[in-house]
Amino acid sequence: MFPVSTQKKYWTFVDETDLIRLRQEANRKFVLKHGANMTEEQRKQTFLSAADERLLLRQYELQLRDFCRRFNPPMPRSVIGTAFHYFKRFYLHNSVMDYHPKEILVTCVYLACKVEEFNISIQQFVANIKGDREKASDIILNDELLLMQQLNFHLTVHNPYRPVTGLLVDIKTRCSLKDPDRLLPGIEELLERTFLTDACLLYAPSQIALAAILHAASKIQENLDSYVTETLFGRPSIDILPNIIEAVRKIRSLVRSIENPPREMVRQLEKKLEKCRNQENNPDSEIYKQRMQDMLDEEDERSSETYARLAREQANDEERLLGISKVLSPSAS
Amino acid sequence: MDEQACPRCKTTKYRNPSLKLMVNICGHALCESCVDLLFLKGSGSCPECNVPLRRSNFRVQLFEDSMVEKEVDIRKRVLRDFNKKEEDFSTLREYNDYLEEVETIVYNLTNNVDVIATNKTIEQYKKENKDLILKNKSKIGREEMELEELLEEEKQQDEIRKRELVRFEQEEKKKKVRVKEALIDELMFSNADAKNILETFANSVQTTKEEVKVVPAIRATQFSTGIKFGRQRQQNFLPVPKIEEGPLYVYEAPRQPTDGPLPPTWEDLEVKGYINHMESEKDEHRAGGYRSNISCLRALQEALAGLYHVSDRTELVS
């Protein structure tokens, strides 16, 4: 249930200023760390700004949607919703320059498949990815743990899909609207578009579901206002209704304000990102390969190290014993 | 009267050392030959009290006083039924009362007081406590098994001891032969005085004998303590401590905050017709325990939960 979930406690924010603040914080941290001895001017030249990052992420959210749509075998909607949640949550506390979104994107989908019990093997999964599949599966499996850690292991996500089903059942039972199934295309459209906004980080899934239903109703020129005010909420106390109306209005306006990022700009930003991204987390870079190799060596080393330590200890013991025996038998010499 | 004598033929132990006195349920004794004579047909009456008796009920008299014998017999018979144990009673007082009752019954039967009434009470007791009697009988069986086990173990120990002894003796013999040969060899080939040689050999034999004497003594103590008694082992268990039981657990349905309008209850699904708008489950789904009302209620609950949600800056944890 949403009211007691980690989603509500840790991942539902008051308004968009909170989200902007968190994203700027993540961006600033990266810039301070990697551009420590640069002037302000140089920093602007090399690194992406928080707004640039946001633009790029929008582009990648579109990619995420298309990737999930084309996915074979077709995945349930809840997997897509959960993947979007993970993607958004991850970049609240991390900079795009630190971890490249194209890698986090697939990892989010892979983790969402697992959490939403859409059973699929890594081989089947990477079959949907163009390019080097071996490398892709390596990246995904490497990043999976990092992703979970960044999500603080809050893996359960409440999506608006089930609330939509519930509300439809309620409308069919308690409302005189004829053929409520006409609402479905409108609902589908709005839910899909909400994932391109920050709505899921600001509102409860049931509120998004209600917004989707009201949106769909207005599209087919039906009015559900009396159902909402009288049937659904019964006789609500005065301070509740305006809040819900405001939430629904806000969600719909968020959806309306979606605009696709301009292509040319995205291309430039991508180029800039390639230059300024954290090379330690770039699977193509020498540093990354070196680090991976070190990690492997470390495991080998650890065993050889223990052996060396044991040998040394033994040698010490022997020396000590010999020393003592010399002291004990001075008459022998 | 020191002498045991058959009351019928007046034969005494003195005259016939193999005299065996037999008693029956009436408690009057007869010698073996008289029993043979009187109960040729298998049954007859006691020559002293004319009570009809069966030959198969005669047994060897263990006690001099035939009254004691009779009491033992009756006690055996009564205890076969009155076989409750102390554990069967909740208080010591009740157990004591029960023991007293048994004693009264035994006394009455041995001294022919109220025989009919007493027999009646026994019958009644038997009827009332049929199960318990049977249960306790099987318990006794277990005790006997234990005893048998004990005997078996003792037998094994015995065998081991015997084998040890045989081996020991053989070794002793061999040793003696060896010593003798050594002595002869010594006498044949050594240049020392024959008397000296003999003396040293005698001494060494003496010392080894002493050593040998010590060894079995130790073994004996080992054997005597080595036997383990099944009963003792059982008594080693600590009694299970009685735990003071607190008040019984009472189930309380978990309460979920909805943060929205109250969802319908299970009954409402049927009564208000929510369930009619859900796809009904197929047979193969029911096999796994799924019913469509489960998903119906869940969807409704999730639809209503969180509708009143207002993000509050005071609650925010980031």
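Residues numbered from 1 in each chain as written. Chains lettered and ligands numbered in written order. Predicted model: local features only at pLDDT ≥ 70, side-chain atom pairs only at ≥ 80, totals over all residues. Heavy atoms only, no water.

- Under an unreviewed UniProt entry, the name given to chain B is CDK-activating kinase assembly factor MAT1, and the organism recorded is Cryptotermes secundus.
- Recorded in UniProt under Subcellular location (unreviewed entry), the annotation for chain B is "Nucleus".
- The record held by UniProt for chain B lists under Subunit (unreviewed entry) the comment "Associates with CDK7 and cyclin H." (UniProt positions renumbered as here; feature names shortened; annotations may be inferred.)

- The name given to chain A in an unreviewed UniProt entry is Cyclin-H, with Cryptotermes secundus as the source organism.
- The UniProt entry for chain A carries the following text under Subunit (unreviewed entry): "Associates primarily with CDK7 and MAT1 to form the CAK complex. CAK can further associate with the core-TFIIH to form the TFIIH basal transcription factor."

1. Digging into the overall build of chain A
Next up, step 1: Across its full length, chain A carries 15 helices and 0 strands.
Next up, step 2: Of all 333 residues assigned to chain A, the portion counted as buried reaches 47%.
Next up, step 3: Here the analysis covers contacts within chain A between residues at least 6 apart in sequence; of these, 76% occur between residues at least 24 apart.
Next up, step 4: Only carbon and sulfur atoms are counted for the fraction: they give 51% of the accessible area of chain A, which is about 18100 Å². (Helix = DSSP H or I, 4+ residues; strand = E, 2+ residues; numbered from the N terminus. Buried < 20%, exposed > 50% of the residue type's maximum accessible area, 1.4 Å probe, protein only. Contact = heavy atoms within 4.5 Å. Areas by Shrake-Rupley, 256 points an atom, 1.4 Å probe, with all protein chains shown as cover.)

2. With respect to the overall build of chain B
Next up, step 1: A tally of regular secondary structure across chain B gives 10 helices and 5 strands.
Next up, step 2: Split into buried and exposed, the 318 residues of chain B put 25% on the buried side.
Next up, step 3: Considering only contacts within chain B whose residues lie at least 6 apart along the sequence, 54% involve residues at least 24 apart.
Next up, step 4: Carbon and sulfur atoms make up 54% of the accessible area of chain B, which totals about 24600 Å².

3. Quick look at the confidence of the model for chain B
Residue and element names in this part refer to chain B.
Next up, step 1: Looking at chain B, pLDDT values average 81 and 88% of them are 70 or higher.
Next up, step 2: Low confidence marks residues 216-223, where pLDDT is under 50. Its contacts with residues over four positions away, or in another chain, come to 5 contacts.
Next up, step 3: Counting contacts from residues 229-234, a segment whose pLDDT is below 50, to residues more than four positions away or on other chains yields 7 contacts.
Next up, step 4: Our summary of model confidence lists the complex with pTM equal to 0.58 and ipTM equal to 0.78. (pLDDT = per-residue confidence, 0-100.)

4. A look at the side chain of Lys70 of chain B
Next up, step 1: Examined against the element boundaries, Lys70 of chain B turns out to sit in helix α2 (residues 66-81).
Next up, step 2: Among the polar contacts made by the side chain of Lys70 of chain B, one reaches the main-chain carbonyl oxygen of Thr110 of chain B at a distance of 3.2 Å. (Polar contact = N/O pair within 3.5 Å; in protein donor to acceptor, adjacent residues only side chain to side chain.)

5. Digging into the packing of helix α3 (residues 92-110) of chain B against helix α4 (residues 115-128) of chain B
Two measures define how a pair of helices packs: the angle their axes make with one another and the distance between the axes.
Residue and element names in this part refer to chain B.
Next up, step 1: Two elements in contact, α3 and α4, have axes whose closest approach is 9 Å; the angle formed by their N-to-C orientations is 140 degrees. The angle between the axes of α3 and α4 places the two elements in the oblique class. For the pair α3 and α4, the sense of crossing is left-handed. Every residue of α4 that contacts α3 at Tyr98, Ile105, Asn108 and Leu109 is listed here: Val115, Thr118, Asn119, Thr121, Ile122 and Tyr125.
Next up, step 2: Residues of the contact of α3 with α4, tallied by class, amount to 6 nonpolar, 4 polar and no charged. (Axes fitted to C-alpha atoms, helices over the stretch in contact; angles between N-to-C directions. Parallel < 35°, antiparallel > 145°, perpendicular 65-115°, else oblique. Left-handed = near helix turned anticlockwise from the far one by under 90°. Nonpolar A, V, L, I, M, F, W, Y, C, P; charged D, E, K, R; others polar.)

6. Quick word on the packing of helix α9 (residues 161-174) of chain A against helix α12 (residues 225-232) of chain A
Residue and element names in this part refer to chain A.
Next up, step 1: Where α9 contacts α12, the two axes come as close as 12 Å, and the packing angle between them is 90 degrees. By the angle class used here, α9 and α12 are roughly perpendicular. For the pair α9 and α12, contact is made by Leu167, Asp170, Ile171 and Arg174 and by Tyr227, Thr231 and Leu232, respectively.

7. Here we look at the pattern of salt bridges
A side chain of one charge can pair with a side chain of the opposite charge if their charged atoms are brought near each other.
Residues and elements named next belong to chain A.
Next up, step 1: Scanning the entire structure with this criterion turns up 34 salt bridges over all chains.
Next up, step 2: Measuring nitrogen to oxygen at the nearest pair gives 3.0 Å for the salt bridge that ties Arg182 to Glu222. Separated by 40 residues along the polypeptide, Arg182 in the loop between α9 and α10 (184-194) and Glu222 in the loop between α11 (205-219) and α12 bring together distant segments of the chain.
Next up, step 3: Residue classification places Arg182 among the partly exposed positions, given a relative accessible area of 33%.
Next up, step 4: Note on Glu222: relative accessible area 26%, which makes it partly exposed.
Next up, step 5: Across the pair Glu274 and Arg277 runs a salt bridge, and its minimum N-O distance is 3.8 Å.
Next up, step 6: Judged by its relative accessible area of 4%, Arg277 is buried.
Next up, step 7: Salt bridges here are not isolated pairs; linked through shared partners, they connect Arg23, Arg54 and Asp198. (Salt bridge = Lys/Arg side-chain N within 4 Å of Asp/Glu carboxyl O.)

8. Concerning the packing of aromatic side chains
For any pair of aromatic rings, the description consists of the separation of the ring centres together with the inter-plane angle of the planes.
Next up, step 1: The final tally for this structure, using the stated rule, is 16 aromatic pairs over all chains.
Next up, step 2: Ring plane angle 50 degrees and centroid distance 5.3 Å describe the contact between Phe71 of chain A and Phe125 of chain A, whose orientation is recorded as tilted. With a gap of 54 residues between them, Phe71 of chain A in the loop between α4 (50-70) and α5 (77-93) and Phe125 of chain A in helix α7 (residues 122-126) connect regions that are remote in the sequence. Each member of the pair, Phe71 of chain A as well as Phe125 of chain A, is classed as buried.
Next up, step 3: For the pair Phe89 of chain B and Tyr98 of chain B, a centre-to-centre distance of 5.1 Å together with 40 degrees between the ring planes defines the contact as tilted. The same class applies to Phe89 of chain B as to Tyr98 of chain B, namely buried.
Next up, step 4: Feature note: the residues Phe82, Phe89, Tyr95, Tyr98 and Tyr125 of chain B constitute an aromatic cluster, connected by ring pairs. (Phe/Tyr/Trp six-rings, centres within 6.5 Å; stacked < 30°, edge-to-face > 60°.)

9. Considering the sheet that holds strand β2 (residues 29-31) of chain B
Residue and element names in this part refer to chain B.
Next up, step 1: One open sheet accounts for 3 strands, arranged β2-β1-β5; its pairing is antiparallel. Of all strands in the sheet, those with a lone pairing partner are β2 and β5 (59-60), marking the two edges.
Next up, step 2: One ladder, built from 2 bridges, connects strand β1 (residues 21-23) with β5; its direction is antiparallel. Following the sheet pairing, Met22 is matched in β5 by Val60. (Pairing = 2+ DSSP bridges.)

10. Quick notes on the interface of chain B and chain A
One widely used convention gives an interface's size as the accessible area the parts lose upon coming together.
Next up, step 1: On the side of chain A, 34 residues touch chain B, which itself brings 30 residues to the contact.
Next up, step 2: Summing both sides of the interface, chain B and chain A together bury roughly 3000 Å²; the carbon and sulfur share of this comes to 65%.
Next up, step 3: Looking at the side of chain B facing chain A, the largest losses of area belong to Glu302, Leu307 and His309 of chain B, adding up to 21% of the total buried there.
Next up, step 4: The interface formed by chain B and chain A holds 1 salt bridge in total.
Next up, step 5: We note a salt bridge from Glu302 of chain B to Arg162 of chain A, for which the minimum N-O separation is 3.6 Å.
Next up, step 6: Taken together, the links from chain B to chain A amount to 8 residue pairs in polar contact (both at pLDDT 80 or more).
Next up, step 7: In terms of residue class, the side of chain B that touches chain A is made up of 15 nonpolar, 8 polar and 7 charged. (Buried area = accessible area lost by both parts, 1.4 Å probe.)

11. Here's the deal with the side chain of Gln7 of chain A
Next up, step 1: Along the polypeptide, Gln7 of chain A turns up in helix α1 (residues 6-11).
Next up, step 2: Overall, Gln7 of chain A belongs to the buried group, its relative accessible area being 1%.

12. Structural notes on the nonpolar core
Nonpolar side chains tend to gather and get buried jointly when the protein is soluble and globular.
Next up, step 1: The biggest cluster of nonpolar side chains holds 101 residues, and the ones touching the most others in it are Phe125 and Leu210 of chain A.
Next up, step 2: A domain split of this core shows at least three residues from each of domain 1 (2-157) and domain 2 (161-256) of chain A.
Next up, step 3: With sequence-adjacent residues up to four places away left out, Leu210 of chain A is seen in contact with Leu167, Val228, Leu232, Phe233, Ile244 and Val248 of chain A together with Leu307 of chain B. (Core = buried A, V, L, I, M, F, W, Y, C linked by side-chain atoms within 4.5 Å. Domains from an automatic or database assignment.)

13. Regarding a positive patch on the surface
Residues and elements named next belong to chain B.
Next up, step 1: Together, Lys76, Arg77, Arg80 and Lys137 give the surface a local cluster of positive charge.
Next up, step 2: With respect to the helices and strands, the residue Lys76 is situated in helix α2.
Next up, step 3: Classification of Lys76 as exposed rests on a relative accessible area of 58%. (Patch = residues over 30% accessible without salt bridge, like charges linked within 9 Å, V, L, I, M, F, W, Y side chains within 5 Å. Lys, Arg positive; Asp, Glu negative; His and termini not counted. Charge placed at Lys NZ, Arg CZ, Asp CG, Glu CD.)

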